[in-house]
Amino acid sequence: MGNATTQGQLQLLVQRGDQTDRRLDDHEGRLDSLERGRWPLPAIGALTGLAGLVAGVAPLISR
């Protein structure tokens, strides 16, 4: 009887481990999609710098 109880508990642990693995895979996929959709910080800095340059040079050109 003790062997059957131990086997049942092991099966439950394996099932929970499988569920956890599936959830981790799902979360990993979600994080990957979020990371792909965001802009890298250096690109934003470069665009901001370029916009500042254009804004600074525009009055000089219009004279």
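Residues numbered from 1 in each chain as written. Predicted model: local features only at pLDDT ≥ 70, side-chain atom pairs only at ≥ 80, totals over all residues. Heavy atoms only, no water.

A. Fine view of the overall build of the protein. The number of helices and strands found in the protein is 2 helices and 0 strands. What you see for the protein is a C-alpha radius of gyration of 28 Å, clearly larger than the 11 Å of a compact globule of 63 residues, by over 25%. Oriented by its inertia axes, the alpha-carbon framework of the protein measures out at about 95 × 10 × 10 Å. Per-residue burial over the protein gives 0% buried out of 63 residues. Surface summary for the protein: the accessible area is close to 5,800 Å², and the carbon and sulfur share equals 62%. Side chains of the protein carry 7 positive and 7 negative charges; the gap between the two charge centres is 10 Å. (Helix = DSSP H or I, 4+ residues; strand = E, 2+ residues; numbered from the N terminus. Rg over C-alpha atoms; globule rule 2.2 N^0.38 Å. Buried < 20%, exposed > 50% of the residue type's maximum accessible area, 1.4 Å probe, protein only. Areas by Shrake-Rupley, 256 points an atom, 1.4 Å probe, with all protein chains shown as cover. Lys, Arg positive; Asp, Glu negative; His and termini not counted. Charge placed at Lys NZ, Arg CZ, Asp CG, Glu CD.)

B. Spotlight on a nonpolar patch on the surface. On the surface, W39, L41, I44, L47, L50, L53, V54, V57, L60 and I61 cluster together to form a nonpolar patch covering roughly 1,000 Å² of accessible area. Turning to its location among the elements, V57 is positioned in helix α2 (residues 41-61). (Patch = residues over 30% accessible without salt bridge, like charges linked within 9 Å, V, L, I, M, F, W, Y side chains within 5 Å. Salt bridge = Lys/Arg side-chain N within 4 Å of Asp/Glu carboxyl O.)

C. Local environment of the environment of L34. With respect to the helices and strands, the residue L34 is situated in helix α1 (residues 2-37). Overall, L34 belongs to the exposed group, its relative accessible area being 60%. The spacing of L34 and D18 is 16 residues in sequence and 25 Å in space, taken between C-alpha atoms.

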